[in-house]
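# A closer look at the structure
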Protein chains: 2
Amino acid sequence: MNKYALISLVGVIVLLAAALVGTLIFMQNRPVESRAIQAIYDVAPMEPNSELWGRNFPNQYSSFLRTRSNTVDTTYGGSSKFSHLEKDPRQVILFASYGFSLEYNDDRGHENALTDVREIKRVNETTPGTCYSCKSSDNPGLWAEMGMEAYDKMKFSELGEHIDYSIGCSNCHEAETMRLIVTNPALEEALEAQGKDWRTFSRQEMRSLVCANCHVEYYFKGDGKYLTFPWQNGTKVEEMYEYYTEVEFKDWEHPEALTPMLKAQHPEYEMYTAGSTHFNAGVACADCHMPYVRDGAAKYSDHNIRSPLLQPERACGQCHNDVNSVTTRVSLIQEQVYNTKIATEDAIVDAINAIKGATANPTSDQTLLLEARELHRQSQFYWDFVSAENSMGFHNPEYVLKILAESTNLARQAQMKAAQAANDPSLLETDTYYLNQEAGAVTP
Amino acid sequence: MNKYALISLVGVIVLLAAALVGTLIFMQNRPVESRAIQAIYDVAPMEPNSELWGRNFPNQYSSFLRTRSNTVDTTYGGSSKFSHLEKDPRQVILFASYGFSLEYNDDRGHENALTDVREIKRVNETTPGTCYSCKSSDNPGLWAEMGMEAYDKMKFSELGEHIDYSIGCSNCHEAETMRLIVTNPALEEALEAQGKDWRTFSRQEMRSLVCANCHVEYYFKGDGKYLTFPWQNGTKVEEMYEYYTEVEFKDWEHPEALTPMLKAQHPEYEMYTAGSTHFNAGVACADCHMPYVRDGAAKYSDHNIRSPLLQPERACGQCHNDVNSVTTRVSLIQEQVYNTKIATEDAIVDAINAIKGATANPTSDQTLLLEARELHRQSQFYWDFVSAENSMGFHNPEYVLKILAESTNLARQAQMKAAQAANDPSLLETDTYYLNQEAGAVTP
């Protein structure tokens, strides 16, 4: 072999080796989903057991399992199930006689959803099966098998016999393709009512929309307790309130004010998508709550879903190179929202006390009293839209603060209307919450 | 001469020429201030005539002159002197009997400050000279010559004979060095009272602080109408309000509510520096309102000071590569703030009407009535701190919305307290502004 042939041969070998290494690195770095079709184990459609999915996706699965043992809290939220009622006893008055005045804890991770819903004091023999809708990876299969109508009509205790797993893979993924999908029929129907088809959504849009399988405002429609999102007029707070007015829905009647009340439920999706700066910039829920991580050569989205504040370098640091500065800003925003929210609660408590007083007065003008209750109902729903939302305002700060300003204004108007109804200015006391506390009159 | 010597010679010539061109380009691109000491024309200390400064700094000067002819408005502000009272007649009620209810226009550019203050209906024979404090480049010289105390004690008409120029170079720059300096003695004193020395400030800090020569909350202290910034307790709205309470100051008495009122004045510096995201990120006022421009090979800061929304590519585009997206966000923030601000005004108008009613009732409890007026006073100052500030909330959105929520709450409490004072629930009507408008009872 002559010298030139030898050099050529060595060159070809080096090129091939480099191409091979490059290909391997490229494949290692491709997003998880594009590897899905190479799954080694077959997973049945809507398989409820996440462990079986985990054999193909060990990184995602092992990170997901960590949602069970997280206990670290942030300033206003986090991963433990601390009591909102103990932290802020005003809420005992606001939710008086409703389940949320008995026990109202901060949410723990997805792996604990089933345990926590079964242990909460809000659940009793009359609780409908609908309450399982966001708690189990058995749901997609059960909905496919029996339909959501039958599912919702069952009693919680009865349905519970069919439910073994907490939230899992099947709540967001299609087993055959691993693509993100809408699994909750209520979300499918709510989107349809708006003329939207999630099958046309981009993958980035789906990285938020799958969260809306659960993290939304909803109610139980009719005697069948049919799970329904109040999105017919839109997803802004005033549009949902308008919907509830149209369908004359109430969650319960406040025992002291006799107001037909609404309980808002974790409307994270609606809050975030209402023109927030992160949403408008194209950021998806998963970008912050499930940031990509590297473990050795593997790259995957962290399925240990939790507050970005618990890993700001990874969550915020993908886009922001000044992580300390942005988390300081989050703290400032949340502190401003928290203080404003507490002031709103004081105003609503004052309104409840005034309406209670006017209700006890037999000479009260009943028309004005109804107006006072309507103001109370709206005020408290607006407040709860912020309070029940899991971000202490950060998901959309200006929108949240505008809503709280409106809620406070409505609460004060409710109080005034009650005083007008009873023709009794003594109902205009403010900060009665604190006065009651001092007098020992408030009993949680 | 041999061939090598010739080549060497040509090489040396090329090198020298390149070095010269490089040096010229470098000097051309150096910041303006570092060229100041090379001024061709001597400018006297505190020279009031900006044209003389302009001979050394033609780019800055010619751009500054354009502040005279700007007329383009933004959605909520801009460069024309549209009437705030016509745009929002609630303010006629809020400022009743005070000068601002006679004529209250949006500010035009710096070159028009002198003309506009002389033409405004708020000025009359009793107007103190202090009102010139932010209107003229004659001020630094006059303050040095006569002292601020004597300056403030003069009548507006009398002092006016010494004043020929609108705002100009001498209000922010030191002639000898062109560095940015505090020229307003009231700012110097306010900083001293906080233990701060602006001479230790960085240049970037001075690029905001010089704006505070004028764009701040202030009042006229005592009979001498001594220009004073209420910063003794701090520059947050509650700290300034606390200060005003301590010194028992009022700007005027509201003729219908008999409330001792405060008028807030364009507190841009205080609002912006109260933890806003841009301030915390190290952005100075001048970065957005005086962005650097290139004109041919010259680079200078645009002295045509105006809303960044009138040149977003240049102003926002320095840091944000998604200019359309950020200006859309500005619009959304301002719309939310504007709507919340109007709701606050309605609440204050209702409070004024209630206090007026209670005042007219001879049997009213005078202690409660005083409490109602105190609530009105605080509510309106908080509102005005937002309303008089020139950014419709953008300078610090969450802070602004929190303040408006508090103001609304205080206004409603003022209304309730008035009804308690008069023992008269008929004072609890809401939206009386509109009712009055319909009945033709409101006359601007």
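Treat the numbers as computed from the prediction; the structure is a model and nothing was measured. (Residues numbered from 1 in each chain as written. Chains lettered and ligands numbered in written order. Predicted model: local features only at pLDDT ≥ 70, side-chain atom pairs only at ≥ 80, totals over all residues. Heavy atoms only, no water.)

Our next topic: the overall build of chain A. Across its full length, chain A holds 20 helices and six strands. Buried positions account for 53% of the 444 residues belonging to chain A. Pairs at least 24 apart in sequence give 68% of the contacts found in chain A among residues at least 6 apart. When the 38 positive and 60 negative side-chain charges of chain A are each reduced to one mean point, those points stand 6 Å apart. (Helix = DSSP H or I, 4+ residues; strand = E, 2+ residues; numbered from the N terminus. Buried < 20%, exposed > 50% of the residue type's maximum accessible area, 1.4 Å probe, protein only. Contact = heavy atoms within 4.5 Å. Lys, Arg positive; Asp, Glu negative; His and termini not counted. Charge placed at Lys NZ, Arg CZ, Asp CG, Glu CD.)

Now for the domain arrangement of chain A. Residue and element names in this part refer to chain A. If you check the domain split of chain A, you get domain 1 (50-307) and domain 2 (326-439). The C-alpha-based centres of domain 1 and domain 2 are spaced at 26 Å. Listed per partner, the contact involves 45 residues of domain 1 and 38 residues of domain 2. When the area that domain 1 buries against domain 2 is broken down by residue, the three leading residues are Y76, R90 and M271, summing to 22%. Linking domain 1 to domain 2 there are three salt bridges. (Domains from an automatic or database assignment. Buried area = accessible area lost by both parts, 1.4 Å probe. Salt bridge = Lys/Arg side-chain N within 4 Å of Asp/Glu carboxyl O.)

So, about the relation of the copies chain B and chain A. Put simply, the second copy of the chain is the first one after a rotation about an axis and a shift along it. Take chain B, turn it by 180 degrees, move it 0.3 Å along the axis, and it overlays chain A with an RMSD of 0.6 Å. Interpreted geometrically, this transformation is the action of a two-fold axis. Minimal C-alpha distance to the rotation axis in chain B is attained by A405 of chain B, lying at 2.1 Å. Take the interface residues of chain B: 100% of them recur as interface residues in chain A, which is what a same-surface contact looks like. (Least-squares fit on C-alpha atoms with pLDDT ≥ 70 in both.)

Considering all chains together, one arrives at 38 salt bridges over all chains under this definition. Residues E174 of chain A and R179 of chain A are paired through a salt bridge, measuring 2.9 Å at the closest nitrogen-oxygen approach. We classify R179 of chain A as partly exposed; its relative accessible area is 39%. Notably, a salt bridge pairs K417 of chain B with E371 of chain B, separated by 3.3 Å at the nearest N-O pair. In this pair, K417 of chain B sits in helix α18 (residues 397-422) while E371 of chain B sits in helix α17 (residues 366-387), placing the two residues 46 residues apart along the sequence. Counted as one network, the salt bridges with shared partners bring together K81, R108, D116 and E119 of chain A.

A separate point is the packing of aromatic side chains. All names here are of chain B. Summed over the entire model, instances satisfying the criterion amount to 46 aromatic pairs over all chains. Ring geometry for F229 and W231: centres 5.3 Å apart, planes at 50 degrees, overall tilted. With relative accessibility at 6%, the residue F229 sits in the buried group. One Lys or Arg, R122, reaches over the ring of F100 and ends 3.8 Å from the middle of that ring. (Phe/Tyr/Trp six-rings, centres within 6.5 Å; stacked < 30°, edge-to-face > 60°. Lys NZ or Arg CZ within 6 Å of the ring centre and 35° of its normal.)

Residues and elements named next belong to chain B. Among the residues making up helix α9 (residues 185-193), those that are buried are A186, L187, E188, A190 and L191. At the N-terminal boundary of α9, the capping side chain belongs to N184, with an oxygen 2.9 Å from the backbone nitrogen of A186. Count one or two residues on from α9 and you reach G195, which has phi positive near 75 degrees. (Polar contact = N/O pair within 3.5 Å; in protein donor to acceptor, adjacent residues only side chain to side chain.)

Right, let's talk about the interface of chain B and chain A for a bit. Many authors give the size of an interface as the accessible area that is lost as the parts come together. Contact with chain B, which involves 29 residues of that partner, is made by 29 residues of chain A. Counting across the chain B and chain A interface gives two salt bridges. When the shortest N-O distance is used, the salt bridge between R329 of chain A and E398 of chain B registers 3.3 Å. At the junction of chain B with chain A, the criterion picks out eight residue pairs in polar contact (both at pLDDT 80 or more). Class assignment for the residues of the side of chain B that touches chain A results in 11 nonpolar, 12 polar and six charged. (Nonpolar A, V, L, I, M, F, W, Y, C, P; charged D, E, K, R; others polar.)

Residues and elements named next belong to chain A. With their axes 8 Å apart at the nearest point, helix α17 (residues 323-360) and helix α19 (residues 397-422) run at an angle of 15 degrees to one another. As the angle between them shows, α17 and α19 are arranged roughly parallel. Once α17 is placed against α19, the crossing between them reads as left-handed. Among the residues making up the contact of α17 with α19, the classes are represented as 16 nonpolar, six polar and three charged. (Axes fitted to C-alpha atoms, helices over the stretch in contact; angles between N-to-C directions. Parallel < 35°, antiparallel > 145°, perpendicular 65-115°, else oblique. Left-handed = near helix turned anticlockwise from the far one by under 90°.)

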